[in-house]
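Below, each chain spelled out in residue letters.
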Amino acid sequence: MPVRTGHCQCGGISYQVSGIPDDPHLCSCDHETRISGGPAVLWVGFPLNSLTWTGPGGEPKWYSTYPTLHRGFCPDCGTHLVSVADGSSTIMVTGFSLTDQSGIEPLGHSYRENAAPWMHVTLAPPSTSGAIHDTP
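Residues numbered from 1 in each chain as written. Predicted model: local features only at pLDDT ≥ 70, side-chain atom pairs only at ≥ 80, totals over all residues. Heavy atoms only, no water.

## Describing the sheet that holds strand E10 (residues 108–110)
Strand order in this open sheet of seven strands is E6-E7-E8-E9-E4-E3-E10, and the pairing throughout is mixed. Every interior strand has two partners, whereas the edge strands, strand E6 (61–66) and E10, have only one. On average, each strand axis in the sheet is inclined to that of its neighbour by 30°, with strand direction left out of account. Looking at chain direction, strand E4 (residues 41–47) and strand E9 (residues 90–94) are connected through five bridges and run antiparallel. What sits directly across from Phe46, in E9, is Ile91. (Pairing = 2+ DSSP bridges. Helix = DSSP H or I, 4+ residues; strand = E, 2+ residues; numbered from the N terminus. Axes fitted to C-alpha atoms, helices over the stretch in contact; angles between N-to-C directions.)

Here it is as structure tokens:
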């Protein structure tokens, strides 16, 4: 299985995931734009059981934006790193927290109707896996 690493801006929180990147997509929901301060966040999924926290800061601090959706961020620099839903077998990592960003071009754009009106995105060609996260 391919292994990827990622980390926050200050390097205190680092992680490792393995597997084929799944469901790379942009999200422009109100939570993502508020948390990131940008027009969208790039998410990509990996098996939850492949996640290992490897940095000196250990596990991130968690914040629940919905009762069942939890987001991990660095308590020192504030970098938003991961998101996981209760009962999910997938951990979603922020695409730009990954050290190697190859093969994670977004296939879909969730909450596209909430995107900034000036934002125009060209998505990657559809995946043969059928995993597209195009609508809410």
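Okay, back to it.
## Topic: the pairing of strand E3 (residues 22–27)
With five of its six residues buried, E3 lies for the most part within the structure. The pairing of E3 with E4 spans four bridges and is antiparallel. Paired with His25 across the bridge in E4 is Trp43. Bridging between E3 and E10 involves three bridges; their strand directions are parallel. Directly across from Leu26, in E10, lies its bridge partner His109. (Buried < 20%, exposed > 50% of the residue type's maximum accessible area, 1.4 Å probe, protein only.)

## So, the layout of surface pockets
In this structure, the second largest pocket occupies an estimated 180 Å³ of space. Surrounding the second largest pocket, Ile35, Ser36, Ala40, Val41, Leu42, Gly78, Thr79, His80, Thr94, Gly95, Phe96 and Ser97 form its lining. Sorting the residues of the lining of the second largest pocket by element identifies helix H1 (30–36) and E4 as the ones contributing at least two each. Each residue belonging to the lining of the second largest pocket can be placed in one class, and the counts come to five nonpolar, seven polar and no charged. (1 Å grid on protein atoms, 1.4 Å probe; cavity = no way out; pocket = protein on both sides within 12 Å on 5 of 7 lines; lining within 4 Å. Points joined across faces, edges and corners; volume = space filled by probe spheres on them. Nonpolar A, V, L, I, M, F, W, Y, C, P; charged D, E, K, R; others polar.)

## Digging into the packing of aromatic side chains
Counted according to the given criterion, the structure contains one aromatic pair. Ring centres of Tyr15 and Trp53 lie 6.1 Å apart, and the angle between their planes is 75°; this geometry places the pair in the edge-to-face category. Here Trp53 lies in strand E5 (residues 52–53) and Tyr15 lies in strand E2 (residues 14–18), a separation of 38 residues in the sequence. (Phe/Tyr/Trp six-rings, centres within 6.5 Å; stacked < 30°, edge-to-face > 60°.)

## A look at the pairing of E9
Most of E9 sits out of view: four of its five residues are buried. Connecting the antiparallel pair strand E8 (residues 80–85) and E9 is a turn made up of four residues, with Gly87 showing a positive phi of about 80°.

## Concerning the sheet that holds E2
Across the sheet, three strands lie side by side as E1-E2-E5; this open sheet has antiparallel pairing. The strands lining the two open edges of the sheet, one partner per strand, are strand E1 (3–7) and E5.

## A look at the nonpolar core
Counting 20 residues, the largest nonpolar core has Tyr15, Val17, Phe46, Ile91, Val93 and Leu98 as its most contacted members. Elements represented by at least two residues in this core include exactly E2, E4, E8 and E9. Ranked by size, the runner-up nonpolar core spans five residues in total, among them Cys27, Cys29, Val41 and Met92. (Core = buried A, V, L, I, M, F, W, Y, C linked by side-chain atoms within 4.5 Å.)

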